[in-house]
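# Topology and contacts: notes
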Amino acid sequence: MRIVSLLPAATDVVAELGLLGHLVGRTHECDWPAAVETVPVVTSTGVDQNALSSREINSTVHHGSSLYGLDADLLHDLKPDVILTQDLCDVCAISYRKVTDTVRMMDIGPTVLSLEPSTLDEVLGCLKTVGDVLGVDSTDKIAALRERADVIAQQTKDLHHPRVAAIEWLDPVWPAGHWVPEQIALAGGTPLIAEPGEHTRPITWQTVHDARPDVVLLMPCGFPPERTMRELPDEPLPETWVLDGPSYFNRPGPRVVRGVEVLAHVLHGIGEVSAHEATKLPAWT
């Protein structure tokens with residue numbers, strides 16, 4: 001089975017299922033585990049997130065510019081049996097329409113599997129969806145991930161639940177919806193601004209202040225922590241943490257469970273995390 005992943009979260013799923021040896025193509029954003037570095041890259045982007053501000057990146061996206069290119073010739077040469085993609089967000093990965101249009105022109109059409117989870121259960125369900133297509137039993141993998149999340153929920157259920165605002169983009173301010181409110185709740189927090197499963201819209205910092213959070217989480221989509229540190233909001237925020245959004249919160253893959261564990265440390269001091277996973281900012285003055 002020859003697999004091409006056009007979604008970093010799907011690559012995470014392939015790795016969790018023990019099928020990295022079957023991965024023949026990936027996106028330029030697939031960065032975990034380290035073994036994927038040798039897999040051919042079939043996508044590209046003309047947007048340099050290190051050169052542009054959040055506002056400039058947002059403007060590029062909403063003026064209709066395509067964020068991603070797909071190397072159709074390389075994709076054809078790789079002869080995939082299965083292509084893993086998504087139709088949830090054109091900003092997060094190459095568009096589903098572009099994938100299907102490209103596949104339609106290939107002489108041997110692979111199976112195109114679109115992953116579109118919006119809740120934590122659906123994220124974990126992607127392991128079963130992909131496993132079923134690839135002939136792998138995902139039952140034990142899913143059970144182990146659920147158990148880890150349940151352990152955190154049991155450890156935090158009787159603790160004080162601080163009010164938590166999670167921010168997925170900095171300018172404009174965009175709250176983190178979909179599965180993130182569930183991650184916060186499992187970790188012993190009270191999620192604000194967004195509901196579980198919600199596809200959110202931009203808000204203002206005043207809306208954040210009006211929600212009266214005890215803790216603010218900065219997890220910009222696609223920004224590693226060091227990139228987020230270069231564009232911190234100039235706002236009198238309460239206790240604020242910079243998190244590794246791409247690894248544990250933005251991508252709907254199995255590592256969202258590690259995100260729950262990271263949040264348990266942030267909110268209650270449970271467990272250990274690295275500085276890359278979570279860094280508390282100095283108090284605003």
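In short, a report on the structure. (Residues numbered from 1 in each chain as written. Predicted model: local features only at pLDDT ≥ 70, side-chain atom pairs only at ≥ 80, totals over all residues. Heavy atoms only, no water.)

## Some remarks on the packing of helix H6 (residues 139–156) against helix H11 (residues 256–268)
Relative orientation of the contacting elements H6 and H11 amounts to 15°, with a least axis distance of 9 Å. Taken together, the axes of H6 and H11 lie roughly parallel to each other. The interaxial crossing formed by H6 with H11 has left-handed handedness. Counting all contacts with H6, which are made through Leu145, Arg148, Ala149, Ile152 and Thr156, the residues of H11 involved are Val257, Arg258, Val260, Glu261, Ala264 and His268. When its residues are assigned to classes, the contact of H6 with H11 shows six nonpolar, two polar and three charged. (Axes fitted to C-alpha atoms, helices over the stretch in contact; angles between N-to-C directions. Helix = DSSP H or I, 4+ residues; strand = E, 2+ residues; numbered from the N terminus. Parallel < 35°, antiparallel > 145°, perpendicular 65-115°, else oblique. Left-handed = near helix turned anticlockwise from the far one by under 90°. Contact = heavy atoms within 4.5 Å. Nonpolar A, V, L, I, M, F, W, Y, C, P; charged D, E, K, R; others polar.)

## A word on the sheet that holds strand E6 (residues 111–114)
Within the open sheet, the four strands sit side by side as E2-E1-E5-E6. Their pairing is parallel. Both edges of this open sheet fall to strand E2 (23–25) and E6, since each of them pairs with a single strand only. When strand polarity is set aside, the average angle formed by the axes of neighbouring strands in this sheet is 30°. Here strand E1 (residues 3–5) runs beside strand E5 (residues 82–85); their pairing, made up of three bridges, is parallel. Paired with Val4 across the bridge in E5 is Ile83. (Pairing = 2+ DSSP bridges.)

## Description of the environment of Leu218
Looking at the secondary structure, you find Leu218 in strand E10 (residues 215–218). Note: C-alpha distance between Leu218 and Val130 (88 residues apart in sequence) is 30 Å.

## Details of the side chain of Glu261
You can see Glu261 is positioned in helix H11. Residue Glu261 is classed as buried on the basis of its relative accessible area of 17%. For Glu261, the side chain forms a polar contact with the side chain of Arg148, separated by 3.0 Å. Glu261 has contacts with Arg148, Ile152 and Ile270, leaving out every residue within four places of it along the chain. (Buried < 20%, exposed > 50% of the residue type's maximum accessible area, 1.4 Å probe, protein only. Polar contact = N/O pair within 3.5 Å; in protein donor to acceptor, adjacent residues only side chain to side chain.)

What is shown is where atoms sit, not what they do.
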